[in-house]
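# Geometric and topological summary
Here's the letter readout for the chains.
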Amino acid sequence: MQEIQTILEKQVTLHKSLSVIVKGKTNFIIKQDVKALTASLQKEQSHIAAISALESKRIAAMEKSGHTARSIEEIAGSFPEYSILIPFQKQLIDIIQDIKYANDLNNQLLTQSLQLIYTELDLLVPAKREDSFNYTKTKNSSFQSNSIFNSKV
Amino acid sequence: MSSTFHGLQVAKRGMDAQQAALYTIGHNVSNANTPGYTRQRVSLETFPAYPAPGMNQAGTAGQIGMGVEASTVERIRDTFLDTQYRDETIKVGYWDARAGALEKMEEIMNEPTEDGLSAVFNQFFESIQDVASHPSEAGSRSVMIERAEAVGNTFSYLSTSLKTIQGDLQKERDVAVTQVNSLLEQMNNVNQQIQNVEPNGYLPNDLYDERDRLLDELSKFIPVSVEYTKSGENASAPSEGVVTVQLQTSRGPITLLDGQNHQVNAISLKTNQDSYVTEIHIGGQSRNPELFPQGKLKGLIEASGYIDSSGDKTGVYASMIDHLDEMAYEFVNWFNDKHQQGVTLEGNKGISFFNDVSQKEGAATGIVIADKIKQNTNNIAAASGAAGTDRQGDGQNAQLLSQFRQNVLINSGNQDVSLDGFYQSIIGQMSVDAQQANRLKSNSETLQGAVEQRRQSTSAVSLDEEMTNMIQFQHAYNASARMITMIDEMLDKIVNGLGTGGR
């Protein structure tokens, strides 16, 4: 019980700082600051590793207490002493949803800037053509240069 | 062999071209803060060489060039960014209108606070309980009547406030339509001016800017697709031509502005007596509001209410007003019915507690306590059982009445839910909608901001860049001027110095 509570507390703090990083990423994407973006990606990775380690610890602790694979809400329903965990669970859900929304926004921002980059790149680089009908089924794996400058010409 | 005065002409062309470039820089710098302005650039080209090389031509090692020419002044703008910007602006317009409407609704409903409907229900419930435990006390009976009045007043306050805001939104919607039509008119004017200028080979860059600004403005309200048609044979290659604006609906596009024929198809809304939109007319075609594409106009139409394709009233405010009416109707009917089954303090059969409400529409504004109850509190039928007996200490019917929140059943889709459950679900739905609208609004604003930044970085005037260009072109201008001085000295030699050798 106590163990689960400390784990949850740690998870809440970790998610909170992850949410700060994710929101910071939004600004970096808008400013197109790739260096800062890479740095925050690394930070994010270490957070994710720590979170998943905690998560497996939490599952182990839950198993040890004899409540394998059940949600905190279910357990709290049958064992009232577990109900102090519910605020942590709610907090965690809120933060995770927050992170999800921030990630959605980041995703849209990235899609938007990539759209521009690809449109401009497509003007320079000829696209590879796929054969629509290839009856012989031979693999068309001949090397095709994908650089802006075609040395063979 | 080229002419003696060839060099003079070349240097003059150089001065002219650099001067044009400098003037364009001046134009850029002075418009650095003009909204919608796109920076311009002079494209310099070598002047067509003369004479053409041929066999019978005096042989020189190469061709002597004829100098420079300022061929065109072009705008530096990325149309793809314009498309992206307008796509996001549409979303901002839609979610902004929706979030604004829902925010006002949340303010009116005011849940959960002490002034909300559920708090008033609570107080009413308590007062009936009081009557149930002290059925013969006149005090508790008059409190119950007051509380019942409060319920009626709250219902009617909520309903009328919602209708007032709905009216405001309907006005805003009509103003939006006028704005769209005026934007189309302005664009038509700019189109005509452009078509007058372009066939002469000019590039009306500032008119293009104006037109793009109008298109940005228009895309707040409705999503449009834009097509360009060249305005004539003699128009120069980079010219954009006239624009044709189309509205994309799910049943095919409708032309709003026909560029070639200079025709504007204005949008007009057909409304019913309650000012709900029934149809949208554009240039001889009509669409149900349901099929109208996203944008601020659609957001306002949705908020203020419209008649959907199956003939039902739909809309953010319309549905809330309907829900309140439904609640009021079921509540009054259930309460009257149960009250009639009870027995008054004097042993008579119960009468209607509230004045009867015959139809759902407008029920929320029509909850009035029956005069007989108001005049004599003894007419509250708190007791149960047969009439005619002494019922001084009986509060059974009041006990039953106090359970109105669980027992009034309202049809919600496919099942009946209690008054409480129904109210909770509509308030819950409202706040979920408001949250979503706010989130998507701020998301699309961020996205719009990001594109705007990117667009500014291509098209806006950078004063630093203009300064370096200025120095560059000024030097070239000075150098061309120096060339003229030099050629003047050469000619001086010819005129005054030649032929004097033998003297």
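In the block above lies the structure referred to throughout.
Residues numbered from 1 in each chain as written. Chains lettered and ligands numbered in written order. Predicted model: local features only at pLDDT ≥ 70, side-chain atom pairs only at ≥ 80, totals over all residues. Heavy atoms only, no water.

A count of helical and extended segments in chain B gives 12 helices and 13 strands. For a compact globule of 503 residues, the expected C-alpha radius of gyration is about 23 Å, and chain B comes in at 39 Å, more than 25% above that figure. C-alpha atoms of chain B, sized along the principal axes, occupy 155 × 45 × 35 Å. Looking at chain B as a whole, 44% of its 503 residues qualify as buried. Counting contacts in chain B only where the partners sit at least 6 residues apart, residues at least 24 apart contribute 68% of the total. On chain B, roughly 24,500 Å² of surface is accessible, and the fraction owed to carbon and sulfur atoms is 48%. For chain B, the distance from the average site of its 39 positive side-chain charges to the average site of its 63 negative ones is 4 Å. (Helix = DSSP H or I, 4+ residues; strand = E, 2+ residues; numbered from the N terminus. Rg over C-alpha atoms; globule rule 2.2 N^0.38 Å. Buried < 20%, exposed > 50% of the residue type's maximum accessible area, 1.4 Å probe, protein only. Contact = heavy atoms within 4.5 Å. Areas by Shrake-Rupley, 256 points an atom, 1.4 Å probe, with all protein chains shown as cover. Lys, Arg positive; Asp, Glu negative; His and termini not counted. Charge placed at Lys NZ, Arg CZ, Asp CG, Glu CD.)

Attention now goes to the environment of Ile86 of chain A. Residue and element names in this part refer to chain A. By secondary structure assignment, the location of Ile86 is in helix α4 (residues 86–124). Separated by 41 residues in sequence, Ile86 and Gln45 place their C-alpha atoms 28 Å apart. With near-sequence residues (within four places) excluded, Ile86 lies in contact with Ile72, Glu73 and Ala76.

What follows concerns the packing of aromatic side chains. As enumerated under the stated definition, the model contains 14 aromatic pairs over all chains in all. In this structure an aromatic cluster arises from ring pairing among Phe121, Phe124, Phe155, Phe331, Trp334, Phe335, Phe353, Phe354 and Phe404 of chain B. For the cation-ring pair, Arg439 of chain B lies above Tyr101 of chain A, with the distance from its terminal atom to the ring centre recorded as 3.5 Å. Directly above the aromatic system of Tyr85 of chain B lies the positively charged group of Arg455 of chain B, at a separation of 4.0 Å from the ring centroid. (Phe/Tyr/Trp six-rings, centres within 6.5 Å; stacked < 30°, edge-to-face > 60°. Lys NZ or Arg CZ within 6 Å of the ring centre and 35° of its normal.)

With respect to the helices and strands, the residue Lys298 of chain B is situated in helix α6 (residues 296–304). A distance of 3.1 Å separates a polar side-chain atom of Lys298 of chain B from the backbone oxygen of Glu290 of chain B. (Polar contact = N/O pair within 3.5 Å; in protein donor to acceptor, adjacent residues only side chain to side chain.)

Time to look at helix α1 (residues 6–30) of chain B. All names here are of chain B. Here α1 contains 25 residues, and its C-alpha end-to-end distance of 36 Å stays within 8% of the 36 Å for a straight helix at 1.5 Å per residue. Inspection of α1 places His6, Ala11, Arg13, Gly14, Met15, Ala17, Gln18, Ala21, Thr24, Ile25 and Asn28 among the buried residues, and these make up the whole buried set. Buried residues along α1 sit against β1 (40–46), β2 (68–75) and α12 (463–497). (Expected span 1.5 Å × (residues − 1).)

Moving on to the pattern of salt bridges. Enumeration over the complete set of coordinates arrives at 30 salt bridges over all chains. Arg58 of chain A is paired through a salt bridge with Glu55 of chain A; the nearest N and O atoms lie 2.9 Å apart. Residue Arg58 of chain A and its partner Glu55 of chain A are both found in helix α2 (residues 34–64); the two are separated by three residues, about one turn of the helix. Taking relative accessible area as the criterion, Arg58 of chain A reaches 17% and is therefore assigned buried. Between Lys298 of chain B and Glu302 of chain B there is a salt bridge, with the nearest N and O atoms lying 4.0 Å from each other. With Lys298 of chain B and Glu302 of chain B both in helix α6 and four residues apart, the pair spans about one turn of that helix. The same class applies to Lys298 of chain B as to Glu302 of chain B, namely buried. Linked by salt bridges that have partners in common, Arg75, Arg77, Asp82, Arg86, Asp209, Arg211, Asp212, Asp216, Glu240, Glu452 and Arg455 of chain B make up one network. (Salt bridge = Lys/Arg side-chain N within 4 Å of Asp/Glu carboxyl O.)

Before going further, it helps to spend a moment on the side chain of Ser140 of chain B. Residues and elements named next belong to chain B. Mapped onto the elements, Ser140 comes out in helix α4 (residues 138–197). Residue classification places Ser140 among the buried residues on the basis of a relative accessible area of 7%. Within polar-contact distance, the side chain of Ser140 engages the backbone oxygen of Glu137 at 3.2 Å. If sequence neighbours within four positions are ignored, Ser140 has contacts with Asp130, Val131 and His134.

Residues and elements named next belong to chain B. At a minimum axis distance of 10 Å, the contact between α4 and helix α5 (residues 205–221) shows a crossing angle of 160°. Taken together, the axes of α4 and α5 lie roughly antiparallel to each other. Pair α4 / α5 crosses with left-handed handedness. Of the residues in α5, those in contact with Ala176, Gln179, Val180, Leu183, Leu184, Gln186, Met187, Val190, Asn191, Gln193 and Ile194 of α4 are Leu207, Tyr208, Glu210, Arg211, Leu214, Leu215, Glu217, Leu218 and Phe221. Taken together, the residues of the contact of α4 with α5 break down into 13 nonpolar, four polar and three charged. (Axes fitted to C-alpha atoms, helices over the stretch in contact; angles between N-to-C directions. Parallel < 35°, antiparallel > 145°, perpendicular 65-115°, else oblique. Left-handed = near helix turned anticlockwise from the far one by under 90°. Nonpolar A, V, L, I, M, F, W, Y, C, P; charged D, E, K, R; others polar.)

It is worth spelling out the nonpolar core at this point. All names here are of chain B. Met109, Phe155, Ile222, Met327, Phe335 and Phe404 are the most contacted members of the largest nonpolar core, which has 96 residues in total. If one sorts the elements of this core by residue count, α4 sits on top with 17 residues. Residue contacts for Ile222: discarding those within four places in its chain leaves Ile90, Val180, Leu247, Leu256, Ile267, Phe292 and Leu297. (Core = buried A, V, L, I, M, F, W, Y, C linked by side-chain atoms within 4.5 Å.)

What follows concerns the interface of chain A and chain B. Contact residues are listed per partner, giving 13 residues for chain A and 13 residues for chain B. Carbon and sulfur atoms make up 57% of the area that chain A and chain B hide from each other, which totals about 1,300 Å². Linking chain A to chain B there are zero salt bridges. Our enumeration of links across chain A and chain B arrives at three residue pairs in polar contact (both at pLDDT 80 or more). Broken down by secondary-structure element, the contributors of at least two residues to the side of chain A that touches chain B are α1 (2–31) and α4 of chain A. When residues of the side of chain A that touches chain B are assigned to their parent elements, the largest contribution, 10 residues, is made by α4 of chain A. Tallied by class, the residues present in the side of chain A that touches chain B amount to five nonpolar, seven polar and one charged. (Buried area = accessible area lost by both parts, 1.4 Å probe.)

All names here are of chain B. Mapped onto the fold, Arg77 is located in the loop between β2 and α2 (79–109). Spatially, the C-alpha atom of Arg77 lies 9.0 Å from that of Ala460, the residues being 383 residues apart in sequence. The residues touching Arg77, leaving out its near neighbours within four places in the chain, are Gly36, Thr38, Asp82, Arg86, Asp209, Asp212, Asp216, Arg455 and Ser459. Polar side-chain contacts of Arg77 include one of 2.9 Å to the side chain of Asp82. Side chain to side chain, Arg77 and Asp212 meet in a polar contact 3.3 Å long.

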